[in-house]
Amino acid sequence: MEQVRPAHVCGILLVVLLVSCVMPAAASVYFTSSAPQVITKGDSFSVSGTGAMNGTVALWIIGRSYFDVRTMAPDRHGNFSFVLKPTETVKFTGGQFVVVLQDPGPDGTMEIEPGTDSHGNLTIMNRGKIIDRLGAQQDLSGRVEPIAAIFASAAVIPGVDDSFVLDTFFVEEPVVYVDQLGPGTNNLPQQTSGDTIVITGTTNIGTGNSLVADLYNRDTNERVTEKILPVAAGADINHWNCTFDTPGLQPGNYYLLVGWMKTDTTGTGMAEFSVVKAAPAVQPGQLPPLPADVPQLPQGLGTLLVLGILFVLAIILYTVLQR
């Protein structure tokens, strides 16, 4: 999963702080992410807000090669919400996105609005007059700082009482990871037949989704079983758990595929492992059996060997006592 570098975070915070300093208080916006601050392509993306008491609000979503503006009418308490369906988020391109909530201000009219120029390029306008040009949608870089600067400048234009609240998130391809894999391999530790077998992993796919786990016999390539796995929320990344209860699996070689039920082309984790027979139990007072590759002593030779050892020990003891 792509990680936000501390310096990058500081840059974002400075931009948002700058914007908030020059803009009057407005409505608040919240969004549900697939994983913390991450929207996974093809996952639902819901946005909600409060405190919108000046009428219809606009939500700008801008990222790499993506531009969309939605308007929403709040209820009488100033609350609003809407959902971007998976058919829309699948159009997102990996990288950073900015969400801008626009409140129309006390006059109830939005002075700042999206537009296009005569060449079809995206623009930002003040009551029909172009104040900034974003260029072609396919050329948008998704950088947060220039977008924040545009809205910060727009908020202080004379006669504009619109206010803006910014937030950011990252877009990622769906991924599924398996825990405890060997370095540079898909191999899990060896398992024992008869034991409960638990395989765990992580994913950036949201908690409202399910994963499908298909277990195959590696020697015959036949599917052994299929399980549906819920995605559980995690502090930094979501996780999943696949359990094969007692009596577990028969001895053999297996591989497990764990993927998102919505797609069979991306986000699939794979693990290979072997299941071996359990070692025979040893009764109290009974010596464990010798391994199969250790030759057995002829009958009676074991007793003679013990007597010989005792005889040698007796001679050694006698010699010591005579000194």
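Up top is the structure these notes are about.
Summary of the structure given here.

Per the stated rule, a full pass over the model turns up seven salt bridges. Of the charged contacts, one joins arginine 133 and aspartate 117 as a salt bridge, the two residues approaching to 3.2 Å between their closest N and O atoms. Of this pair, arginine 133 sits in strand S10 (residues 129–135) while aspartate 117 sits in the loop between strand S8 (112–116) and strand S9 (122–126), and the two are 16 residues apart along the sequence. Taking relative accessible area as the criterion, arginine 133 reaches 54% and is therefore assigned exposed.

Taken together, the side chains of Leu304, Leu305, Leu307, Ile309, Leu310, Phe311, Val312, Leu313, Ile315 and Ile316 define a hydrophobic patch exposed on the protein surface, amounting to about 1,000 Å² of accessible area. When you line up the elements, isoleucine 309 lands in helix H4 (residues 301–322).

Let's shift gears to the pairing of strand S15 (residues 210–217). Counting buried positions along S15 yields seven of eight residues, so the element is predominantly enclosed. Looking at chain direction, S15 and strand S16 (residues 223–230) are connected through seven bridges and run antiparallel. Looking across to S16, one finds that leucine 211 is bridged to leucine 229. Hairpin remark: S15 followed by S16, antiparallel, with five residues in the connecting loop; positive phi at asparagine 221, about 65°. Two strands pair when backbone bridges link them, and S15 and strand S18 (residues 252–260) are joined in this way by seven bridges, in the antiparallel orientation. Each residue of the ladder has a partner; that of valine 212, found in S18, is glycine 259.

What counts as what
- Residues numbered from 1 in each chain as written.
- Predicted model: local features only at pLDDT ≥ 70, side-chain atom pairs only at ≥ 80, totals over all residues.
- Heavy atoms only, no water.
- Salt bridge = Lys/Arg side-chain N within 4 Å of Asp/Glu carboxyl O.
- Helix = DSSP H or I, 4+ residues; strand = E, 2+ residues; numbered from the N terminus.
- Buried < 20%, exposed > 50% of the residue type's maximum accessible area, 1.4 Å probe, protein only.
- Patch = residues over 30% accessible without salt bridge, like charges linked within 9 Å, V, L, I, M, F, W, Y side chains within 5 Å.
- Areas by Shrake-Rupley, 256 points an atom, 1.4 Å probe, with all protein chains shown as cover.
- Pairing = 2+ DSSP bridges.

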